[in-house]
Amino acid sequence: MHHKTNSKTNMTIVERFLDYVKFDTQSDELTNLTPSTPGQMVFAQYLEKELQKMGLEEITLDENGYLMATLPANTEGNIPTIGFIAHLDTSPDMSGRHVNPRIVKNYDGKDITLNDKENIILSPEEFPELLHYVGQDLIVTDGTTLLGADDKAGIAEIVSAVAYLQEHPEIKHGKIRIAFNPDEEIGLGAHKFDVEHFAAEWAYTMDGGEIGELEYENFNAAMARVTIKGRNVHPGTAKNKMINSTYLASKFMVKLPNSETPEHTEKYEGFYHLVGIEGSVEQTVLSYIIRDHDRESFEHRKQTMEKFVAEINEEYPGSCSLELKDQYYNMREKIEPVMHVIDIAKEAMLRAEVTPKVQPIRGGTDGAQLSFKGLPCPNIFAGGMNFHGRYEFIAIPSMQKAQDVIVQIASIVAERYV
């Protein structure tokens, strides 16, 4: 059975999306609250009302801003409960307040002026992937904010797919759980996610980028903080006494391989990334993040850091200390035992006439953390491009295809298990 989504639903997905981006839901690493910003809860409450109006069941919104709901099964049989998840927040990297999107009809492949006054232009010269969308309707920003397709497109797709399934009872499906969570952009989306309460056998985050993306591998991630203590003495009488910690820090930095940084790596290559330096003669702190898809290489990178700290300490005893903390792991090890979860997503894309592009995530995802909490959760495209900045855009057909993929997944799971 191939189901085509009708134009009425297509209209509503765009309306929903344009409605959702009005909410300022930028997250904030510094508040230590969940959700980290009040706007996320305002948006969650708005969505809760929308889901109530749609007549969904088992709707819960907890004090941390995690919204969950159920579309009940419309057929008998032992069909596994599956889930679809998207996040409420937008990136702290750019303002998401007063997002003022517009639709570029039938894109002609030329420069798009986002902001005349500030001369902000979205150009295929800088963003060649724009040319994949010639002839399509695009949603762009006014150049002063991000768009918020990451991940309000995902939310619009999930809500629209559920509405579509409600309108088309002839499409048989099992029980479907949906969840919208806060604070994905600051790495905390899965932290207070109640996997037991969600009660799905597996799920998909609708949080990928370009159409066709399907991801079940991500970085292993750690942070490293190297603290180097110096000895400050008046420079006039410093001979054989002063130890300048900034100088020791530079000695440490050059030990790390220059080619293994983000700007020199791609695909499955890992890196060390110096994200910050604070220092003076007395003390210098180097903050790194360490990333690698391969678990063994990841462990080796951490050992390399330890080795170089030890080398500095050999020369300047006790001057250098290292704090290492793992942040998240590659979900591949949790997905490989349940590869049918990926096969179903691929089949759904083919039925929706989308070519699956399986690729590793050079980053993290809520799905990775959820997979380690017992909910296998690969990531599917939401369709947006150039996330986290003023050049973010989304092609309307990509959103419609993502909605269709959700509908097809629901249908395939029921077929396979009835």
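Here, every reference points to the structure presented above.
Treat the numbers as computed from the prediction; the structure is a model and nothing was measured.

Draft legend 1. Fine view of the overall build of the chain. Helix and strand content of the chain: ten helices and 18 strands. Taken against the 2.2 N^0.38 rule, which gives 22 Å for 418 residues, the C-alpha radius of gyration of the chain at 24 Å falls within 12% of a compact globule. Projected onto its principal axes, the C-alpha positions of the chain cover 85 × 55 × 40 Å. For the chain, the residues scored as buried account for 55% of the 418 residues in total. Across the chain, contacts joining residues at least 24 apart in sequence account for 79% of those joining residues at least 6 apart. Roughly 18,500 Å² of accessible area belongs to the chain as shown, and the carbon and sulfur atoms make up 50% of that amount. With 40 positive and 64 negative side-chain charges, the chain shows a spacing of 3 Å between the two charge centroids.

Draft legend 2. Examining the packing of aromatic side chains more closely. What the rule picks out here adds up to twelve aromatic pairs. The residue whose ring lies beneath Lys-152 is Phe-43, and the NZ or CZ to ring-centre distance is 5.4 Å. Taking NZ or CZ as reference, Arg-301 lies 4.9 Å from the ring centre of Tyr-272, over its face.

Draft legend 3. Highlighting the sheet that holds strand β13 (residues 283-292). With antiparallel pairing, four strands are arranged side by side in an open sheet as β12-β13-β11-β14. Taken across any chain shown, the strands that pair with only one partner, and hence form the sheet edges, are β12 (271-279) and β14 (320-328). Shown here is a sheet whose adjacent strand axes are inclined to one another by a mean of 15°, direction ignored. Relative to β14, strand β11 (residues 220-229) runs antiparallel, the two being bridged by eight bridges. Considered in β14, the bridge of Ala-221 is made with Tyr-328. Where helix α6 (residues 295-315) meets the sheet, it contacts β11, β12, β13 and β14, and its direction lies at approximately 165° from that of β14.

Draft legend 4. Expanded view of the environment of Pro-128. Examined against the element boundaries, Pro-128 turns out to sit in the loop between β6 (120-122) and β7 (138-140). Note on Pro-128: relative accessible area 47%, which makes it partly exposed. Through-space distance from the C-alpha of Pro-128 to that of Val-14 is 24 Å; in sequence the pair is 114 residues apart.

Draft legend 5. Looking closely at helix α2 (residues 38-54). Its 17 residues give α2 an end-to-end C-alpha distance of 25 Å, which sits within 8% of 24 Å, the value for a rise of 1.5 Å per residue. Within α2, the full set of buried residues consists of Gly-39, Gln-40, Met-41, Phe-43, Ala-44, Leu-47, Glu-48, Glu-50, Leu-51 and Met-54. A positive backbone phi angle near 85° is found at Gly-55, which sits one or two residues after α2.

Draft legend 6. Expanded view of the nonpolar core. One finds Phe-17, Phe-180, Ile-380 and Ile-409 to be the most contacted residues of the largest nonpolar core, which totals 71 residues. With residues up to four places along the chain from it excluded, the contact list for Phe-180 reads Leu-47, Leu-51, Gly-65, Tyr-66, Leu-67, Ala-86, Leu-88, Ile-155, Ile-158 and Val-159. Val-226, Tyr-288, Val-309 and Ile-312 belong to the second largest nonpolar core, which has 19 residues in total.

Draft legend 7. How the structure looks around the environment of Val-104. Inspection of the secondary structure assignment puts Val-104 in strand β4 (residues 102-104). The contacts of Val-104, once residues within four sequence positions are left out, are Ile-112, Gln-136, Asp-137, Leu-138 and Val-140.

Draft legend 8. Expanded view of the packing of helix α5 (residues 245-255) against α6. One way to put it is that α5 packs onto α6 with a least axis distance of 10 Å and a crossing angle of 140°. Helix-helix and strand crossings are classified by hand; for α5 and α6 the assignment is right-handed. On α6, the residues touching Leu-248, Lys-251, Phe-252 and Lys-255 of α5 are Met-305, Phe-308, Val-309, Glu-311, Ile-312 and Glu-315. Split into classes, the residues belonging to the contact of α5 with α6 amount to six nonpolar, no polar and four charged.

Draft legend 9. Just the pairing of strand β5 (residues 112-115), in detail. Where β5 meets β6, three bridges bridge the pair, whose relative direction is antiparallel. Within β6, the position partnered with Asn-115 by the bridge is Ile-120. The turn linking β5 back onto β6 is made up of four residues, and Asn-119 within it adopts a positive phi angle of 55°.

Draft legend 10. Local environment of the sheet that holds strand β8 (residues 176-181). Ordered by their spatial adjacency, eight strands build an open sheet running β1-β2-β8-β3-β9-β16-β10-β15, and the pairing between neighbours is mixed. Two strands close off the open sheet at either side, each with one partner strand: β1 (57-61) and β15 (357-358). Alignment of strand β10 (residues 213-215) against strand β16 (residues 379-381), held across two bridges, turns out to be antiparallel. Residue Leu-214 lies in a different strand from β16, and its bridge partner there is Ile-380. Each of β1, β2 (67-71) and β8 touches α2; the most contacted strand, β1, lies at about 165° to it. Packing of helix α8 (residues 340-351) onto the sheet brings it into contact with β9 (202-208), β10, β15 and β16, and relative to β9 it is tilted by some 50°.

Draft legend 11. Focus on the side chain of Gln-40. Here Gln-40 lies in helix α2. Its relative accessible area of 1% is what places Gln-40 among the buried residues. What Gln-40 contacts, discounting residues up to four positions off in sequence, is Thr-25, Ser-27, Pro-35, Leu-88, Asp-89, Pro-182 and Asp-183.

Parameters and conventions
- Residues numbered from 1 in each chain as written.
- Predicted model: local features only at pLDDT ≥ 70, side-chain atom pairs only at ≥ 80, totals over all residues.
- Heavy atoms only, no water.
- Helix = DSSP H or I, 4+ residues; strand = E, 2+ residues; numbered from the N terminus.
- Rg over C-alpha atoms; globule rule 2.2 N^0.38 Å.
- Buried < 20%, exposed > 50% of the residue type's maximum accessible area, 1.4 Å probe, protein only.
- Contact = heavy atoms within 4.5 Å.
- Areas by Shrake-Rupley, 256 points an atom, 1.4 Å probe, with all protein chains shown as cover.
- Lys, Arg positive; Asp, Glu negative; His and termini not counted.
- Charge placed at Lys NZ, Arg CZ, Asp CG, Glu CD.
- Phe/Tyr/Trp six-rings, centres within 6.5 Å; stacked < 30°, edge-to-face > 60°.
- Lys NZ or Arg CZ within 6 Å of the ring centre and 35° of its normal.
- Pairing = 2+ DSSP bridges.
- Axes fitted to C-alpha atoms, helices over the stretch in contact; angles between N-to-C directions.
- Expected span 1.5 Å × (residues − 1).
- Core = buried A, V, L, I, M, F, W, Y, C linked by side-chain atoms within 4.5 Å.
- Left-handed = near helix turned anticlockwise from the far one by under 90°.
- Nonpolar A, V, L, I, M, F, W, Y, C, P; charged D, E, K, R; others polar.

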